[in-house]
Amino acid sequence: MAIANSLQRYLQQHHTQYYVLYHEHSNCSMDTAHKANIPADSLAKSVVLRDGADYLMAVLPANRQVDLHLVDQATGGRYCIAHEYEFSPRMGDCELGAIPPVGGAYNMKVLVDDALTWNQDIYFEAGDHEELVHMKTGEFMDLMVDASTASFSRRTM
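Residues numbered from 1 in each chain as written. Predicted model: local features only at pLDDT ≥ 70, side-chain atom pairs only at ≥ 80, totals over all residues. Heavy atoms only, no water.

Asker: In this structure, what is going on with the pattern of salt bridges? I would like to understand it.
Answerer: When the charged atoms of two side chains with opposite charge come close together, those side chains can pair. Applying the stated criterion to the full structure yields five salt bridges. One salt bridge connects Asp31 with Lys35, and the closest N-O pair in it is separated by 3.6 Å. With Asp31 and Lys35 both in helix α2 (residues 29-36) and four residues apart, the pair spans about one turn of that helix. Where Asp67 meets Arg154, a salt bridge forms, and the shortest distance between an N and an O atom there is 3.2 Å. Taken as a pair, Asp67 in the loop between β4 (64-66) and α3 (68-75) and Arg154 in strand β10 (residues 153-155) lie far apart in primary sequence, 87 residues in all. (Salt bridge = Lys/Arg side-chain N within 4 Å of Asp/Glu carboxyl O. Helix = DSSP H or I, 4+ residues; strand = E, 2+ residues; numbered from the N terminus.)

Right under this line is the structure:
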């Protein structure tokens, strides 16, 4: 599978410079970092959260996990982790578990964890379990122009 169509259109519309990195099939973000031989703190993952009918894409490093209490403090909401079946129709050009952390491509609000900005480069799923998009962190943050940022994660490893 190539880069998800919605993501590719969004990157082109924003004149984003990026590279595609291929890796062995992976099943989770930490496995992806290992198989792609990249630092886990440079791999951005997305976790979709829900507050009633309101969805939010939380974007954070692969080696961290969402702290819902901190998300609620940052947003003023009461979020829980959404089930993939709830939002997957919106992201029909992506494989389950490989949602690119670019909410703008899918008309979704985004909250970016501050820890993601500590590295020079960012990698993220291209919409499948075998390709990553690689770009400079500044370029990635330019895509997040409408996103909020906060510290809302805890290190897992």
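Asker: Just checking my understanding: could you explain the environment of Ala74 for this structure?
Answerer: By the element assignment, Ala74 lies in helix α3. Judged by its relative accessible area of 43%, Ala74 is partly exposed. Sequence-wise, Ala74 and Ala40 are 34 residues apart; in three dimensions their C-alpha atoms are separated by 24 Å. (Buried < 20%, exposed > 50% of the residue type's maximum accessible area, 1.4 Å probe, protein only.)

Asker: Would you take a moment to explain the nonpolar core for this structure?
Answerer: Generally speaking, a soluble globular protein has its nonpolar side chains buried in company with each other. Judged by nonpolar contacts, the single largest core of 30 residues is most densely connected at Leu7, Val59, Met91, Val102, Phe124 and Phe140. Listed by contribution, the elements that provide at least two residues to this core are α1 (5-13), β2 (43-51), β3 (54-61), β6 (109-113), β7 (121-125), β8 (131-136) and α5 (137-143). Apart from the residues lying within four places of it in its own chain, the contact partners of Met91 are Met57, Ile99, Tyr106 and Met108. Ranked by size, the runner-up nonpolar core spans twelve residues in total, among them Leu70, Val71, Leu111 and Ala150. (Core = buried A, V, L, I, M, F, W, Y, C linked by side-chain atoms within 4.5 Å. Contact = heavy atoms within 4.5 Å.)

Asker: What exactly am I supposed to notice about the side chain of Ser46 here?
Answerer: Considering the arrangement of structural elements, one finds Ser46 in strand β2. Residues in contact with Ser46, not counting those within four places in the same chain, are Met57, Ala58, Ile99, Pro100 and Pro101.

Asker: Help me understand the packing of aromatic side chains in this model?
Answerer: In this description, an aromatic ring pair is defined by two values, namely the gap between the centres and the angle between the planes. For the structure shown, the criterion picks out one aromatic pair. Residues Phe124 and Phe140 carry aromatic rings whose centres are separated by 5.6 Å and whose planes lie at 50° to one another, so their mutual orientation is tilted. With Phe124 in strand β7 and Phe140 in helix α5, this pair connects stretches of sequence that are 16 residues apart. Residues Phe124 and Phe140 agree in their burial class; the two are buried. (Phe/Tyr/Trp six-rings, centres within 6.5 Å; stacked < 30°, edge-to-face > 60°.)

Asker: Sorry, what's going on with the pairing of β8 here?
Answerer: Where a strand is regular, its side chains alternate between the two sheet faces. Counting buried residues along β8, five of its six residues qualify, which places the element largely inside the surrounding structure. Looking at chain direction, strand β1 (residues 19-22) and β8 are connected through four bridges and run antiparallel. Pairing of Leu21 across the sheet is with Leu132, part of β8. In this structure, β7 lies alongside β8, joined through five bridges in antiparallel fashion. When the bridges of β8 are listed, Tyr123 appears paired with His134. In textbook terms, the turn of a hairpin is the stretch between consecutive antiparallel strands, and for β7 and β8 this stretch comprises five residues, one of which, Gly127, has a positive phi near 120°. (Pairing = 2+ DSSP bridges.)

By themselves, these figures tell us nothing about what the structure is for.
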